[in-house]
Amino acid sequence: DRSACSLDGILDAGQRVERIIAYDEPSYGFVSIAVKALRRAGVLREGGDGSDHAQPTTTLSTHTGGGGGPRRGEGGCGPKVDSELLERLHRHLPPDADVALCGGLVHSHNPFLAPLSNAMQRSAAFGEALRLFVREHVCPALGVSRVVYQRRPTWRIHLAGAEPLGIPHADGLQPYNHQPAEMNVWVPLTAVSGSNSLTAESAPGAGDFHAFEATPGQFVSFYGNRCWHYAVANDTDTTRVSFDLRVVPFHLFDPQHCGPGNLGSALVRGSVGKLPPRPGAEGYHRGKPLRLGEYYLDSGPAEESAL
């Protein structure tokens, strides 16, 4: 079922290929914005691991991409120091926390994830940086000038020693049912490799599963719509902090595509990972479309990219 439908006329092979792409992280400040949000939430114990005494500073980041001139960053101790702090996030767990429970399908045991995700949803600085990033790096990577992109990226914190996050899946198969012209953009804010990373196959049905290897200042573009991907238990001594978003070339976006079903029901039916049934077929479920202005935002045409 993973590769049963034709992908011709949806995305070309060059767009679907897995790639690791470099970008100038300090120009966007994702790492420092994340650290500042965690500090504001009070979940970082200063000096909790004996090495986080540096005080945040506000820096002026000179942005040289198509989005305009200099803009003020969110502050931090510098991208390298901030990224290393995120890698040690597990050392800031409360003394009575069980790190193994911070993985799985239920994320309530992870004391860092909700504060970070909620802060990023409200952060104008992150929203601006994300839009510029999409315009200046994601669009060129797909060879287009305009996309729709996930309004609220999904944040992941895979603590050292934690169980796997989520279950193996492909975003275009049940129960997620995302539209087939959608690509995944995966942005790690810490160094990733092996079991603290994301594992994926390189093409639908290839089965050549491998962990992405990247550092802050690199992102992975891959066809997670049909390529299965998953996380394993993090048996490294490094926590992974990352965010991911889904993007669709604007001219291929289908506003009426049926959206996600229910994961619990799919697990009971044994339909996880299968192609969605056609309308009228047994098991067909018309999920609510993921709409522009709700789930997705329009990156805007090239002439509107400057802020």
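Residues numbered from 1 in each chain as written. Predicted model: local features only at pLDDT ≥ 70, side-chain atom pairs only at ≥ 80, totals over all residues. Heavy atoms only, no water.

### Some details on the overall build of the protein chain
No. 1: The secondary structure content of the protein chain amounts to seven helices and twelve strands.
No. 2: In the protein chain, buried positions account for 49% of the 307 residues. (Helix = DSSP H or I, 4+ residues; strand = E, 2+ residues; numbered from the N terminus. Buried < 20%, exposed > 50% of the residue type's maximum accessible area, 1.4 Å probe, protein only.)

### Topic: the layout of surface pockets
No. 1: Its boundaries defined by the atoms lining it, the largest pocket holds a volume of some 980 Å³.
No. 2: Around the largest pocket sit 42 residues that line it, and Gln150, Thr154, Arg156, Asp244 and Arg246 are the ones nearest its centre.
No. 3: Looking at the lining of the largest pocket, the elements with two or more residues in it are helix H5 (113-122), helix H6 (124-142), strand E4 (147-150), strand E5 (154-158), strand E6 (183-188), strand E10 (229-230) and strand E11 (240-249).
No. 4: Classifying every residue of the lining of the largest pocket by side-chain character gives 21 nonpolar, 13 polar and eight charged. (1 Å grid on protein atoms, 1.4 Å probe; cavity = no way out; pocket = protein on both sides within 12 Å on 5 of 7 lines; lining within 4 Å. Points joined across faces, edges and corners; volume = space filled by probe spheres on them. Nonpolar A, V, L, I, M, F, W, Y, C, P; charged D, E, K, R; others polar.)

### Focus on the nonpolar core
No. 1: By size, the foremost hydrophobic cluster in this structure holds 58 residues, and its most contacted members are Phe30, Leu116, Phe133, Trp155, Leu189 and Phe243.
No. 2: Among the elements of the structure, helix H3 (30-41), helix H4 (79-87), H5, H6, E4, E5, E6 and E11 are those that each provide at least two residues to this core.
No. 3: At ten residues, the largest contribution of residues to this core is made by H6.
No. 4: The residues contacting Leu116, other than those within four sequence positions of it, are Ala34, Ala37, Leu38, Trp155, Ile157 and Val241. (Core = buried A, V, L, I, M, F, W, Y, C linked by side-chain atoms within 4.5 Å. Contact = heavy atoms within 4.5 Å.)

### Remarks on the packing of aromatic side chains
No. 1: Enumeration over the complete set of coordinates arrives at 18 aromatic pairs.
No. 2: Pairing Phe126 with Trp155 gives two aromatic rings, centres 5.5 Å apart and planes at 55°, and the pair type is tilted. Of this pair, Phe126 sits in helix H6 while Trp155 sits in strand E5, and the two are 29 residues apart along the sequence. Of the two residues, Phe126 and Trp155, neither departs from the other in class, the shared state being buried.
No. 3: Aromatic pair Tyr295 and Tyr296: ring centres 4.8 Å apart, planes at 80°, arrangement edge-to-face.
No. 4: For Tyr296, a relative accessible area of 0% corresponds to the buried category. (Phe/Tyr/Trp six-rings, centres within 6.5 Å; stacked < 30°, edge-to-face > 60°.)

Geometric values such as these leave the question of function open.
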